[in-house]
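What follows is each chain in one-letter form.
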Amino acid sequence: MGKKMKAALEKVEPRMYALREAVDVVKKSAYAKFDESVDIALRLGVDPKRSDQMVRGTTALPHGTGKKVRVLVFAKGDKEQEARQAGADYVGSDDLMEKIKGGWMDFDYAISTPDLMASVGKLGKQLGPRGLMPNPKTGTVTFEVGKAVSEIRKGRVEFKVEKAGIVQVAVGKVSFDIDKLYDNASAILESVIKAKPASCKGRYLKSATISSTMGPGVELDAMALTKQWS
C-alpha cells in the first residue's frame, strides 16, 4: 500500500456514513492526478440466477456522468437521419455490424430500431459480454432513436445486478461539487430501491459503498438509505 492510499484511508472512519457526508469524504480522500470517477456499489439480497429477481433498469442522472460517451445507432432511412441529428457518433446498419464482427468496439452505448434486432441479435458474442446489446427494458430498442440518443447524452445510465448480487454505477466525477454527486447518487439509489422484485424476501439493500476510482470505499448506512427511498 502506497503512502497516498494510507493517507486517504486515515480520512475514512470505520463506521457507516450518511450519503452526503460520505460524498464529502470521497472527495477529500481522492488523491489521483486525474479526475477520478465516483462509483456507488450496492449489494442486494437477490438471486440473479432467478429471472424473477433480476434487477435492471435505467435512470437519468440530474447532472450527468461527466464522461463523454460514444453512442452507436443501428437504423435505416428516416431513423438514420433522426439519430444523426440527435448527435449519435455512429449510425448505420450492415456496415456497422460487419465492423463489429471484425472486432471494432469503439463505442459506449448501442441503440437499435426494432426492425433491425434480428440482425443485431447475431452480434451477441461481441456485444453481450460488454453489456452493449440493445434491450427494450433499457430503452435501447426503440423507434424513438432521437429521444434515446438525447437521454444518453444528458446522463442516462443503466444498472444491472451482477452474478454476485452487486449493482455498480458511476455517479459522476471527483471534480463535481458535493450537491451534484449527492443528487446523482440519490437518483441511482431511488431507482434501484424501487426496482425491488416482488419475489425478494427479507433485506433487499444489504450494504452500500461509495468510492472514487483510486480512493478507499466509504460505507453507507444501508438501512437508512432504504427508509429514505422506499
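Residues numbered from 1 in each chain as written. Predicted model: local features only at pLDDT ≥ 70, side-chain atom pairs only at ≥ 80, totals over all residues. Heavy atoms only, no water.

The protein chain has the name Large ribosomal subunit protein uL1 in an unreviewed UniProt entry, where Nitrospira lenta is given as its organism. Per UniProt, the protein chain carries the Subunit (unreviewed entry) text "Part of the 50S ribosomal subunit." The protein chain has a UniProt comment under Sequence similarities (unreviewed entry) that states "Belongs to the universal ribosomal protein uL1 family." (UniProt positions renumbered as here; feature names shortened; annotations may be inferred.)

J.: Is there a simple way to think about the sheet that holds strand E4 (residues 90-92) in this case?
T.: Sheet strands line up and pair through hydrogen bonds in the backbone, either parallel or antiparallel. Pairing within the open sheet is parallel, and its 3 strands lie in the order E4-E3-E5. At either end of the open sheet lies a strand with only one pairing partner, and these are E4 and strand E5 (109-112). Geometrically, the sheet is characterised by an average inter-axis angle of 15 degrees between neighbouring strands, direction not taken into account. For strand E3 (residues 71-74) and E5, the ladder comprises 4 bridges, and the chain directions are parallel. In the sheet register, Val 73 faces E5, and the bridge partner there is Ile 111. (Pairing = 2+ DSSP bridges. Helix = DSSP H or I, 4+ residues; strand = E, 2+ residues; numbered from the N terminus. Axes fitted to C-alpha atoms, helices over the stretch in contact; angles between N-to-C directions.)

J.: How should the nonpolar core be read in this particular structure?
T.: Side chains of nonpolar character tend, in soluble globular proteins, to be buried together. Grouped together as the largest cluster of nonpolar side chains are 52 residues, with contacts concentrated most on Leu 19, Leu 42, Leu 44 and Val 73. Looking at this core, the element that brings in the most residues is helix H8 (residues 178-194), giving 7 residues. Formed jointly, this core draws a minimum of three residues from each of two domains, domain 1 (3-65 + 156-229) and domain 2 (71-153). Grouped together as the second largest cluster of nonpolar side chains are 16 residues, Leu 72, Leu 96, Trp 104 and Val 141 included. (Core = buried A, V, L, I, M, F, W, Y, C linked by side-chain atoms within 4.5 Å. Buried < 20%, exposed > 50% of the residue type's maximum accessible area, 1.4 Å probe, protein only. Domains from an automatic or database assignment.)

J.: Any chance you could explain the sheet that holds strand E9 (residues 218-220) here in plain terms?
T.: The strand order E7-E1-E8-E9 describes an open sheet built from 4 strands, whose pairing is antiparallel. Two strands in the sheet have a free side with no partner beyond their single neighbour: strand E7 (166-173) and E9. Taking each pair of neighbouring strands and ignoring which way they run, the sheet shows an average axis angle of 25 degrees. Note that strand E1 (residues 37-44) and strand E8 (residues 205-212) share 7 bridges and pair antiparallel. Across the sheet, Val 38 pairs through a bridge with Ser 212, a residue of E8. Seen against the sheet, helix H9 (residues 222-229) touches E8 and E9 and runs at an angle of roughly 100 degrees to E8. (Contact = heavy atoms within 4.5 Å.)

J.: Just checking my understanding: could you explain the packing of helix H2 (residues 19-29) against H8 for this structure?
T.: The relative placement of two packed helices comes down to the angle between their axes together with the axis-to-axis distance. Running from N to C, H2 and H8 point in directions that differ by 125 degrees, and their axes come no closer than 9 Å. Taken together, the axis directions place H2 and H8 in an arrangement best described as oblique. Relative to H8, the crossing made by H2 is right-handed. For the pair H2 and H8, contact is made by Leu 19, Arg 20, Val 23, Asp 24 and Lys 27 and by Ile 178, Asp 179, Leu 181, Tyr 182, Ala 185, Ser 186 and Leu 189, respectively. A breakdown of the residues in the contact of H2 with H8 according to their chemical character gives 7 nonpolar, 1 polar and 4 charged. (Parallel < 35°, antiparallel > 145°, perpendicular 65-115°, else oblique. Left-handed = near helix turned anticlockwise from the far one by under 90°. Nonpolar A, V, L, I, M, F, W, Y, C, P; charged D, E, K, R; others polar.)

J.: Before we go on, may I ask you to explain H8 in this structure?
T.: Here H8 spans 24 Å end to end across 17 residues, near enough to the 24 Å set by a 1.5 Å rise per residue. Listed as buried for H8 are Leu 181, Tyr 182, Asn 184, Ala 185, Ser 186, Ala 187, Ile 188, Leu 189, Val 192 and Ile 193. Of the residues that open H8, the one with a side-chain oxygen 3.2 Å from the backbone nitrogen of Asp 179 is Asp 177. (Expected span 1.5 Å × (residues − 1). Polar contact = N/O pair within 3.5 Å; in protein donor to acceptor, adjacent residues only side chain to side chain.)

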